[in-house]
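Secondary and tertiary structure notes
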Amino acid sequence: MTVNLNHTIVAAHDTHASARFLADILGLRVSPEYGPFVPVALPNGVTLDYMESPGDIPPQHYAFLVSEDDFDEIFGRVRDAGLDYWADPHHSRPGEINTNDGGRGTYFDDPNGHRLEILTRPYGSGG
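For the structure given in this document, a descriptive report is provided here.

All right, on to the pattern of salt bridges then. Per the counting criterion, the structure on display carries five salt bridges. With a closest N to O distance of 2.8 Å, Arg104 and Asp72 form a salt bridge. Residue Arg104 is located in the loop between α2 (68-80) and β5 (105-109), and its partner Asp72 is located in helix α2; the two are separated by 32 residues in the primary sequence. For Asp72, a relative accessible area of 42% translates into the label partly exposed. When salt bridges with common partners are traced through the structure, they connect Glu68, Asp72 and Arg104 into a single cluster.

It is worth spelling out the sheet that holds β5 at this point. On the basis of which strands lie adjacent, the open sheet formed by three strands has the order β4-β6-β5 and mixed pairing. Where the open sheet ends on each side, the last strands, each with one partner, are β4 (61-65) and β5. Averaged over all pairs of adjacent strands, the angle between their axes in this sheet comes to 20 degrees, without regard to strand direction. Looking at chain direction, β4 and strand β6 (residues 115-119) are connected through five bridges and run parallel.

Moving on to the sheet that holds strand β2 (residues 37-41). Strand order across the open sheet formed by three strands is β1-β3-β2, with mixed pairing between neighbours. The outermost strands of the open sheet, each flanked by one partner alone, are β1 (7-12) and β2. Taken over all neighbouring pairs, the strand axes of this sheet differ in orientation by 25 degrees on average, direction set aside. Of the pairings in the sheet, the one linking β2 to strand β3 (residues 47-52) comprises five bridges and is antiparallel in character. Directly across from Pro39, in β3, lies its bridge partner Asp49. Most of the contacts of helix α1 (residues 15-26) go to β3, to which it runs at about 155 degrees, and overall it touches β1, β2 and β3.

Cut-offs used in this document
- Residues numbered from 1 in each chain as written.
- Predicted model: local features only at pLDDT ≥ 70, side-chain atom pairs only at ≥ 80, totals over all residues.
- Heavy atoms only, no water.
- Salt bridge = Lys/Arg side-chain N within 4 Å of Asp/Glu carboxyl O.
- Helix = DSSP H or I, 4+ residues; strand = E, 2+ residues; numbered from the N terminus.
- Buried < 20%, exposed > 50% of the residue type's maximum accessible area, 1.4 Å probe, protein only.
- Pairing = 2+ DSSP bridges.
- Axes fitted to C-alpha atoms, helices over the stretch in contact; angles between N-to-C directions.
- Contact = heavy atoms within 4.5 Å.

Below you can see the structure in the form of structure tokens.
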């Protein structure tokens, strides 16, 4: 059996601004609107579909596995944007990156409070 994640819905107060934030940070494009969704397609075929959500939005976690070169580019955009970043998901190590499993990783928040992570090695991969 083959099972692949195809898409997920990401709650947002401003779908266009939120999709643009993610696309700009990751170096991707915002896709054309599809019904109530503003999608951002990832190179592996998974789409994050931003949907308007009134009221409080519980923060979700989205982790993106990237190459070492892509990490440098994305992390540069995070810093250039003046975003706070942390080495851990609990925000207890501000202004740091981690070197878990012999790779690099960092966490930062999107405009809706979702916890975004970029990492160069999957957790548990050793190193």
